[in-house]
Amino acid sequence: MATAGAFYAGGRLLLPLRRSAHGAGPSPWSHLRSHLISSKPPHRPPPPPAPSPVTSSRVAPTVAPTSRRTGAVGAGAGVVGWYLGLLDARPVLTKSVTAATIFTAADLSSQMLTLGPEDSLDLLRTLRMASYGLLISGPSLHVWFNFVSKVVPKKDVVSTFKKMFLGQAVYGPIINSVFFSYNAGLQGETVPEIIARLKRDLIPTIKSGLIYWPLCDFITFKFVPVHLQPLVSNSFSFLWTIYITYMASLKKADVEVATSS
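Given the structure is predicted, the values throughout are model-derived calculations rather than measurements.

The terminal C-alpha atoms of helix α7 (residues 191-223) lie 41 Å apart, and with 33 residues this falls more than 12% below the ideal 48 Å at 1.5 Å per residue. In the structure, α7 departs most strongly from a straight axis at Trp213, where the bend amounts to approximately 45° and where the proline Pro214 lies between one and four residues downstream.

Put into structure tokens, the structure is as follows:
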């Protein structure tokens, strides 16, 4: 049985201090208690484990490629964000400059595909095509896609086919007629010559458009936001523009033949 007044500390029985009759100094029990308390080692957190050289050597080579990929993605996202910002700030001007750039590249490609060994590039022709993209194609696409999105606002399959029909039945014939007339007028053709050209080239161009454009229009109307539809349409029109710039570069139509037909 423990002595009265004793207490436990750390699982050890400690007896109470008793002062001597004279009160001169500590009793032997105080030295024993101090010794028991000081003998318990202080708690120290375990040291962190040292990094493994094998692990660091495996991880290190993957850091640089990741940073390069991240930088490339960031640069691409920066260009897209910059272009989208221009679309929001100046939509018509941005779409017009985009169309002019595509028409310029398409006409140069068309000329290089049909260029003879002794021929040179017709830069005046390229300038005509660039001006058409800047002044007519870009603004007209902006107006057209906004108009169609208001007339047929939904993006389901049936609505998409309605938009495609409108494009082929209304916008396509009008814009192709404007294209041939604009190009011919800048080349100095007279009104009868322009009409003869339209009679000769317009119907074959519309027939070719019925083969090329339906799939492009379906993708554009179904999956692309309205403010980006002119950009996507211009991108699709790169191959188409190669074709129509070739058609526009054909020699004048015979006015007598066109009148008799």
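From this point, the discussion proceeds with the structure in view.
With that settled, consider the packing of helix α6 (residues 157-186) against helix α8 (residues 229-248). Here α6 crosses α8 at 45°, and the two axes come no closer than 10 Å. Judged by the angle between their axes, α6 and α8 are oblique. Crossing of α6 over α8 shows right-handed handedness. Taking contact as the criterion, the partners of Asn176, Phe179, Phe180 and Asn183 in α6 are, on α8, Trp240, Ile244, Thr245, Met247 and Ala248. For the contact of α6 with α8, a count of residues per class yields 6 nonpolar, 3 polar and no charged.

In this section: the packing of aromatic side chains. The way to describe two aromatic rings as a pair is by their centre distance and the angle between their planes. In this structure the tally under the stated criterion is 13 aromatic pairs. Measuring from centroid to centroid gives 5.9 Å for Phe161 and Phe218, while their planes differ by 45°, and the two rings are tilted. In this pair, Phe161 sits in helix α6 while Phe218 sits in helix α7, placing the two residues 57 residues apart along the sequence. On the numbers, 5.3 Å between centres and 85° between planes, the contact of Tyr212 with Trp213 is edge-to-face. Relative accessible area serves as the criterion here: at 24%, Tyr212 is assigned to the partly exposed category. Residue classification places Trp213 among the buried positions, given a relative accessible area of 12%. Grouped by ring-pair contacts, the aromatic residues Phe103, Tyr132, Phe179, Phe180 and Tyr182 constitute a single cluster.

On to a nonpolar patch on the surface. A cluster of nonpolar side chains, Leu93, Val97, Leu134 and Leu135, forms an exposed patch at the surface whose accessible area comes to about 350 Å². At the level of elements, α4 (91-114) and α5 (123-151) are the ones that each hand at least two residues to the nonpolar patch. You can see Leu134 is positioned in helix α5.

Formed by 23 residues in total, the largest nonpolar core has its most connected members in Tyr132, Trp144, Phe179, Phe180 and Phe221. Every element with two or more residues in this core is listed here: α5, α6, α7 and α8. Residue contributions to this core peak at 7 residues, all from α5. Leave out the neighbours within four places in its chain, and Phe221 touches Trp144, Phe145, Val148, Lys155, Thr160, Lys163, Met164 and Gln229.

Here α6 is 30 residues long and its end C-alpha atoms lie 41 Å apart, about the 44 Å a rise of 1.5 Å per residue gives. Along α6, the sharpest kink reaches roughly 40°, centred on Tyr171 and followed within four residues by the proline Pro173. A side-chain oxygen of the first residue of α6 lies 3.2 Å from the backbone nitrogen of Val158; this N-cap is Asp156. Just downstream of α6, Gly188 is the residue with a positive phi angle, here 90°.

When you line up the elements, Ser140 lands in helix α5. Ignoring any residue separated from it by four or fewer positions in sequence, one finds Ser140 in contact with Tyr171 and Ile175. Within the structure, the side chain of Ser140 is placed 3.0 Å from the backbone oxygen of Ser137, a separation counted as a polar contact.

Relative to each other, α5 and α8 sit at 140°, their axes nearing to 11 Å. In terms of axis orientation, α5 runs oblique to α8. Handedness of the α5/α8 crossing: right-handed. Mapping the contact onto sequence places Arg125, Met129, Ser137, Leu141, His142 and Phe145 in α5 and Gln229, Pro230, Ser233, Asn234, Thr245, Tyr246 and Ala248 in α8.

What counts and how
- Along each chain, residue indices are assigned from 1 in the same order as the chain's sequence is written.
- With pLDDT at 70 or above as the cut-off, local features in this predicted model cover only qualifying residues; side-chain atom pairs require 80 or more to be listed or tallied, and sums for whole chains, interfaces and linings still use all residues.
- The side-chain figures draw on all heavy atoms in the structure; neither hydrogens nor water molecules are used.
- Helix and strand definitions follow DSSP, with helices as H or I runs of at least four residues and strands as E runs of at least two, each counted in order from the N terminus.
- Multiplying 1.5 Å by the residue count of a helix minus one yields the expected span of that helix.
- To obtain the bend at a residue, axes are fitted to the seven residues ending there and to the seven starting there, and the angle between these axes is taken.
- To get an axis, fit a line to the C-alpha atoms, keeping to the stretch in contact for a helix; angles then go from 0 to 180 degrees between the N-to-C directions.
- These descriptions rest on fixed angle ranges, namely under 35 degrees for roughly parallel, over 145 for roughly antiparallel, 65 to 115 for roughly perpendicular, and the rest for oblique.
- In this scheme, a crossing is called left-handed if the near helix is turned counterclockwise away from the far one by less than a right angle; it is called right-handed if the turn is clockwise.
- The contact criterion used is simple: two residues touch if any of their non-hydrogen atoms lie within 4.5 Å.
- Classification convention: Asp, Glu, Lys, Arg as charged; Ala, Val, Leu, Ile, Met, Phe, Trp, Tyr, Cys, Pro as nonpolar; all other residues, Gly among them, as polar.
- Geometry of aromatic contacts follows a simple scheme: Phe, Tyr and Trp rings, the Trp one being its six-membered ring, pair when their centres are within 6.5 Å, and the pair is stacked under 30 degrees between planes, edge-to-face over 60, tilted otherwise.
- Here the term buried applies to any residue with accessible area under 20% of the maximum for its type, exposed to any over 50%, and partly exposed to those in between, with areas from a 1.4 Å probe on protein chains only.
- Residues enter patches when they are more than 30% accessible in relative terms and free of salt bridges; like-charged ones are connected within 9 Å and nonpolar ones (Val, Leu, Ile, Met, Phe, Trp, Tyr) within 5 Å.
- Method for areas: the Shrake-Rupley scheme with a 1.4 Å probe, in which residue coverage is limited to the protein chains shown.
- Throughout this description, the term salt bridge denotes a Lys or Arg side-chain nitrogen within 4 Å of a carboxyl oxygen of Asp or Glu.
- In this text, buried Ala, Val, Leu, Ile, Met, Phe, Trp, Tyr and Cys residues form a nonpolar core when linked through side-chain atoms within 4.5 Å.
- Counting of polar contacts relies on pairs of N or O atoms within 3.5 Å, with two restrictions inside protein: one atom must be capable of donating a hydrogen and the other of accepting it, and residues adjacent in sequence are counted only when both atoms are side-chain atoms.

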